[in-house]
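Descriptive analysis of the structure
The chain contents come next:
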Amino acid sequence: MGCGTSIAIENQTRPSETDGSIKHPSPALTMKAAILIQRWYRRYVAHLEMRRRYTWNIFQSIEYAGEQDQLQLSSFFSFMLDNVTQMNGNGPDLISHLLDSVVDPLTEEVRQLKYEQIVVSESYSGPRLSFPLSVTDTNALLSAFKEEQTLHGKYVLQLLYETKKFLKQMPNVIYLSTSYAKEITICGDLHGSLDDLLLIFYKNGLPSAENPYIFNGDFVDRGKKSTEIIIILFAFLLLYPDHMHLNRGNHEDHIMNLRYGFTKEVMQKYKTHGREILQLLQDVFSLLPLATVIDNKVLIVHGGISDKTDLDFLSTVERHKVKSALRLPKRSTDHLNVRSCSRSSSRHSRRSRMDSPCSSGRSSRASRRRKKHSTKQGSCSSSSSSSSSSSSVCSPRVSSRNTPRRPPPSPSLPSPTDVLQVPFLDSFVSLEPPEPPREELEWQQVVDILWSDPKNQNGCSLNSFRGGGCYFGPDVTQALLQKHDLCLLIRSHECKQEGYELCHNGQVITIFSASNYYEEGSNRGAYIKLGPELVPRFFQYQVSRSTRKLTLHQRVRVAEGSALRALKEKLYAQRSELMAAFQQYDIDNTGRISTSEWAQVVESVLRLDLPWRTLRPRLARLSADGNVEYGSCFEDISPGEPIPPVTPNLAETLYRYRTDLEIIFNIIDKDHSGQISIEEFRQTWKLFTSHLGVAVNDQTIDDMARSIDFNKDGSIDFNEFLEAFRVVHKLDVKEQQQG
Amino acid sequence: MADKYSADTIITETQKRISNAFDVFDHESNKTVDVREIGTIIRSLGCFPSEADLHDIIAELEEEEPTGFVRYEKFLPTMTKILLERKFRPITEDLLLQAFEVLDQQKKGHLEPEELTKYLTQEGEPFTQEEMDEMLSAAVDPDKNVILYKDFVSMMTFDDTR
């Protein structure tokens, strides 16, 4: 059919208008022309759809790969612990600061008085809250935030303080009924996107007694208006305590906030009171309820469940003790007195203490393994539009990306066969490892609720990507729902293109409320309305920054551009490894290898499960003989301003670990001033590189430190330092210059 | 380097391309795709089948008892054959332009949205309203409210083959 028809058309459409009169083509010809256009257009749309899909895959793969970056960070923490003696001076202080909670020296009453006494200058034109809050206050907040105003630190502190008081009396699991209201609205992740929250309020109305809401966690991080979002949500919480409900998400966690942007946002907006606000937030976040149940039939949690989830046990958990999912409960081994033992048994004790997700004293082995397998993943791009998302707790293994759903054999609790060897008098005594203390079981319950994801296959396996929580199958869902006589599980935690998705035979709904999460046009947001008949209704929306509606292909192009940029940065971050591997196939040094070889190398070095052959035209050039010019993958990107003592290799390493370094610096910078001392910088950098197995000589570090100490006062502005390692996309620059 | 032009290599490369495309739509990672995506996959591999062509292919690919899913083991040989035989060859820019010119009976150099809609939703293998709306949103010149098909064709071809 194909070829024949087109030739026929070609013959017939030879122009033959000699007299200018209107020629009416035969109906058959018209039909053929129509079919041709339709065939062509449908093919075009299919190609667009393919591009849209792989764009989505790229964003998700990078997100999941980024989680393995976090692995290095958390195993770095344990490495630091193991090597605490090597860190002279700063040692215990630094470690304890990392891992222990901040002790609040003030009593409640004193604190409250202190806030009341904060003076707000006359020139402040933003909302002034008065407690107890009224509708006037919430309206004032909404207007102010629409006008891009910032709420004064005094009111933020007071608001957080009142919220903390309020939340303390809430149970872990909140039971609601639809009988008094028409419908309950359930929203998912917002991630700092104020536009989405305002759009929801616009479409669905503000929270009130007639219009109750549940927000299912992840209010903060990634977006730039996380502060405004929690202010609004907490204000409504205080105003309508019976009709506004907030569940904790995995991002309501101060260590996550260090990585994913909320801490930075607070410190930038609140220079005077930022630190205190962050301290209060730690408490508030940990006091947020963990679950909501509607009509004893619908369970709502942020992440999901595991085969160990038990609502009755969950109700008894001391939730405020789990300040962060990344802070593991210290296993109490005092009664074994293991610490004073020889090195090997003290390693055991640390193993049992840390054996949840964080790699336990295996950092040296882990780093050797990493070197061998070249699994260093580049840090995600830090450009403003694109994402670095990925949330994870520490994950102990770098599992093979080729079979992403294969669970690693890493127990969160020591297996029963592990036996502790404890010296007693002159011999070793075998002891059963202690039963996991309650604290650890509680931690497990909470982490499962906040971090788990549903999967299609039966069973419950450890969520190796995120490093915490489980993948739970339909059977686990079925079992839990039956156990508690429930009919539906609503959760969030995962971005979905349509804003929501059903799975497990309709027993699980994922609801996600941040539209354009990866990039403009990447996905819709949605919310659910649930009435007494408990049949969910879905409402979708998408925030659009441009006033003119983009066509489908424009949207795809924008999202695709962003995804490809992020992907190219990943390639750049591993440039030397890639080039070395390419060259192994290119013995004659022609600069070219086959498509197959190129795809193989990229897949094995980057360990991203992507359709490389489909993507190749967007990433690398072909030569005249049909081979790939492998150097062309890197042509698009150039490094930023170089710092003299920094060699290209070192620059690449620094670029790759930007995100991790940023977090570490943020932690060291206890007073959030943006500055750390040269000594702290040196020590941290040394530790980090030795942990990674990267050789950097002392002299280089010293030179580097000195040269970035711009005002020669012995301290380094690490934000400036990190800025130096941004990369520039040359094509973007060209477009900007031409545009 | 191995001889890149051997038949085996070509077949292997082709199959890997097919595998890549298939995987993009294999949401459950179990080597099956929804039968409704088959058209998209085939087209994204560079083929221009008509709806009738697709109908035939899908009939071939479905199980005896249709499950709504197509398995990779069945898809691969069928698709390999299609690609190696170069069935459903691309429609060139020139050809496409000529097709528009046929529809432009009065030789105006442009088409009214209603004209194009009439043809494409009533003739041939009709568009759905959604397909028509989407095409119009890309094709209609916002100032003149007509379809300047020559520009449209070159723009789309450029975007498609970039």
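Since the model is a prediction, treat every value here as computed from it, not as a measurement.

This part takes up the overall build of chain B. Scanning chain B from N- to C-terminus turns up eight helices and two strands. Reading the secondary structure of chain B in the N-to-C direction produces α-β-α-α-β-α-α-α-α-α. For chain B, whose C-alpha radius of gyration is 19 Å, the value lies well above the compact-globule estimate of 15 Å for 162 residues. With the C-alpha coordinates aligned to their principal axes, the bounding extent of chain B is approximately 50 × 45 × 25 Å. Within chain B, the fraction of its 162 residues that count as buried is 47%. Across chain B, every contact between residues at least 6 apart in sequence was considered, and the portion connecting residues at least 24 apart equals 55%. Carbon and sulfur atoms make up 50% of the accessible area of chain B, which totals about 8600 Å². Positive and negative side-chain charges in chain B, numbering 18 and 36 respectively, have mean positions lying 6 Å apart.

Time to look at the side chain of R491 of chain A. Residue and element names in this part refer to chain A. With respect to the helices and strands, the residue R491 is situated in strand β12 (residues 488-491). Exposure remark for R491: the relative accessible area of 0% places this residue in the buried category. If sequence neighbours within four positions are ignored, R491 has contacts with N216, V301, H302, G303, S452, D453, P454, V508, I509, T510 and I511.

In this structure's numbering, the residues bearing the UniProt feature "domain: EF-hand" (unreviewed entry) are residues 13-48 and 91-126 of chain B. Helix makes up 56% of residues 13-48 of chain B and strand 8%, whereas the separation of the span's terminal C-alpha atoms amounts to 20 Å.

On to the environment of W56 of chain A. Residue and element names in this part refer to chain A. Mapped onto the fold, W56 is located in helix α2 (residues 27-82). Linking W56 and Q497, residues 441 residues apart in sequence, is a C-alpha distance of 8.5 Å. With near-sequence residues (within four places) excluded, W56 lies in contact with C495, K496, Q497, Y518, S522 and N523.

Residues and elements named next belong to chain A. Tallied over the entire structure, the rule returns 39 salt bridges over all chains. With a shortest N-O distance of 2.9 Å, R491 and D453 are connected by a salt bridge. With a gap of 38 residues between them, R491 in strand β12 and D453 in strand β9 (residues 453-454) connect regions that are remote in the sequence. Between K568 and D636 there is a salt bridge, and its shortest N-O distance comes to 2.5 Å. Taken as a pair, K568 in helix α17 (residues 552-573) and D636 in the loop between β19 (628-629) and β20 (637-639) lie far apart in primary sequence, 68 residues in all. The pair K568 / D636 is uniform in exposure class, with both members buried. Sharing partners across several salt bridges, the network here consists of D453, R491, E494, K496 and E501.

Here we come to the interface of chain A and chain B. Often the size quoted for an interface is simply the accessible area lost on bringing the parts together. Listed by partner, the interface residues are 54 residues for chain A and 53 residues for chain B. Interface area, chain A with chain B, both sides summed: about 5200 Å², of which 62% is carbon and sulfur. Broken down residue by residue, the surface that chain A buries against chain B is led by W40, R42 and R43 of chain A, which jointly contribute 16%. Across the salt bridge formed by E37 of chain B and R53 of chain A, the nearest N and O atoms sit 3.2 Å from each other. At the junction of chain A and chain B, the tally comes to 16 residue pairs in polar contact (both at pLDDT 80 or more). The biggest single contributor to the side of chain A that touches chain B is α2 of chain A, with 23 residues. Per-class residue counts for the side of chain A that touches chain B are 22 nonpolar, 16 polar and 16 charged.

This part is about the UniProt feature "domain: EF-hand" (unreviewed entry) in chain A. In this numbering, the UniProt entry assigns the feature "domain: EF-hand" (unreviewed entry) to residues 573-608, 656-691 and 696-731 of chain A. Helix makes up 67% of residues 573-608 of chain A and strand makes up 6%, while its end C-alpha atoms are separated by 14 Å.

Note: predicted coordinates in regions of low pLDDT should not be interpreted at a detailed level. Residues and elements named next belong to chain B. Averaged over every residue, the pLDDT of chain B is 86; the share at 70 or more is 94%. By mean pLDDT, the top-scoring element of chain B is helix α2 (residues 38-44) (92), and the lowest-scoring one is helix α8 (residues 149-161) (79). ipTM for the predicted complex: 0.91, alongside a pTM of 0.72.

Here the focus is the pairing of strand β13 (residues 500-503) of chain A. Residue and element names in this part refer to chain A. Examined bridge by bridge, β13 and strand β14 (residues 508-511) share four bridges and lie antiparallel to one another. Counted as the bridge partner of E501 is T510 from β14. Counted between consecutive antiparallel strands, the loop separating β13 from β14 contains four residues, among which H504 sits at a positive phi close to 50°.

Rules used throughout
Residues numbered from 1 in each chain as written. Chains lettered and ligands numbered in written order. Predicted model: local features only at pLDDT ≥ 70, side-chain atom pairs only at ≥ 80, totals over all residues. Heavy atoms only, no water. Helix = DSSP H or I, 4+ residues; strand = E, 2+ residues; numbered from the N terminus. Rg over C-alpha atoms; globule rule 2.2 N^0.38 Å. Buried < 20%, exposed > 50% of the residue type's maximum accessible area, 1.4 Å probe, protein only. Contact = heavy atoms within 4.5 Å. Areas by Shrake-Rupley, 256 points an atom, 1.4 Å probe, with all protein chains shown as cover. Lys, Arg positive; Asp, Glu negative; His and termini not counted. Charge placed at Lys NZ, Arg CZ, Asp CG, Glu CD. UniProt positions renumbered as here; feature names shortened; annotations may be inferred. Salt bridge = Lys/Arg side-chain N within 4 Å of Asp/Glu carboxyl O. Buried area = accessible area lost by both parts, 1.4 Å probe. Polar contact = N/O pair within 3.5 Å; in protein donor to acceptor, adjacent residues only side chain to side chain. Nonpolar A, V, L, I, M, F, W, Y, C, P; charged D, E, K, R; others polar. pLDDT = per-residue confidence, 0-100. Pairing = 2+ DSSP bridges.

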